Amino acid sequence: MSDFSGDQTAPFFGFLGAAAALVFSCMGAAYGTAKSGVGVASMGVMRPELVMKSIVPVVMAGVLGIYGLIIAVIISTGINPKAKSYYLFDGYAHLSSGLACGLAGLSAGMAIGIVGDAGVRANAQQPKLFVGMILILIFAEALALYGLIVGIILSSRAGQSRAD
């Protein structure tokens, strides 16, 4: 007889949410970094003086992985079935939190990568496009920020299923 209280499989879903947040956010960050990096390298051949100015999309893509890390840490610290009962509601709340943040980060990374690649190449030919590119990148980054906010809200719902 175990002294475990709560549902036996619930922590699986909680840890799956933590993994999903980190993995999908890092996939978005990696794609955005790689795609933007290709554009920076291509543009750097023609206009090497603009390389440092064109690093903005790469930095913005890298931030996406941090969003996933934040949610993964929040989720994993909330899973302690020995200290407090952990039910399926809690596991599903953590799973949905991780998926919301992770998939938002993945989609934002794809947008940042595509816009960053095309934007830095276009900026090399027409410098007036820089502000427009930055605005589009900010809106793409905001998508991941929405996922982070929703992830925090959903993970805070864990533990509210039953009064212990």
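Look above for the structure.
Residues numbered from 1 in each chain as written. Predicted model: local features only at pLDDT ≥ 70, side-chain atom pairs only at ≥ 80, totals over all residues. Heavy atoms only, no water.

1. What to know about the side chain of S25
Mapped onto the secondary structure, S25 falls in helix α1 (residues 10–46). On the basis of relative accessibility, which here comes to 0%, the residue S25 falls in the buried class. S25 has contacts with A20, L64, G65, G68, C101, G102 and G105, leaving out every residue within four places of it along the chain. (Helix = DSSP H or I, 4+ residues; strand = E, 2+ residues; numbered from the N terminus. Buried < 20%, exposed > 50% of the residue type's maximum accessible area, 1.4 Å probe, protein only. Contact = heavy atoms within 4.5 Å.)

2. Considering the state of the cysteines
Within this structure, the stated rule accounts for 0 disulfides. Between C26, a free cysteine, and C101, which holds the nearest cysteine sulfur, the sulfur-to-sulfur gap is 10.0 Å. A relative accessible area of 35% places C26 in the partly exposed class. Using a relative accessible area of 1% as the deciding quantity, one classes C101 as buried. (Disulfide = S-S within 2.5 Å.)

3. A word on the environment of M27
Considering the arrangement of structural elements, one finds M27 in helix α1. Since its relative accessible area comes to 43%, M27 is described here as partly exposed. In the structure, M27 is positioned 75 residues away from G102 in sequence and 8.8 Å away in space, judged by C-alpha atoms.

4. Observations concerning helix α2 (residues 56–77)
Its 22 residues give α2 an end-to-end C-alpha distance of 33 Å, which sits within 8% of 32 Å, the value for a rise of 1.5 Å per residue. Those residues of α2 lying buried are P57, M60, A61, L64, G65, Y67, G68, I71, A72 and I75. Down the axis of α2, the buried set is contained in an arc of 160 degrees. They therefore lie on one face. Lining the buried residues of α2 we find α1, α3 (88–125) and α4 (130–157). (Expected span 1.5 Å × (residues − 1). Arc of directions from axis to C-beta.)

5. Digging into the pattern of salt bridges
Working definition: two side chains of opposite charge can pair if their charged atoms are close together. On inspection of all chains with the given rule, the structure shows 3 salt bridges. Residue D117 is joined to K35 by a salt bridge in which the shortest nitrogen-to-oxygen separation is 3.5 Å. Here D117 is found in helix α3, whereas its partner K35 is found in helix α1, with 82 residues between them in sequence. Of the charged contacts in the structure, one is a salt bridge between E49 and R47, with a shortest N-O distance of 2.7 Å. Take E49: its relative accessible area is 53%, and that puts it in the exposed class. Assessed through its relative accessible area of 26%, R47 is described here as partly exposed. (Salt bridge = Lys/Arg side-chain N within 4 Å of Asp/Glu carboxyl O.)

No statement about biological role is implied by the geometric values presented.
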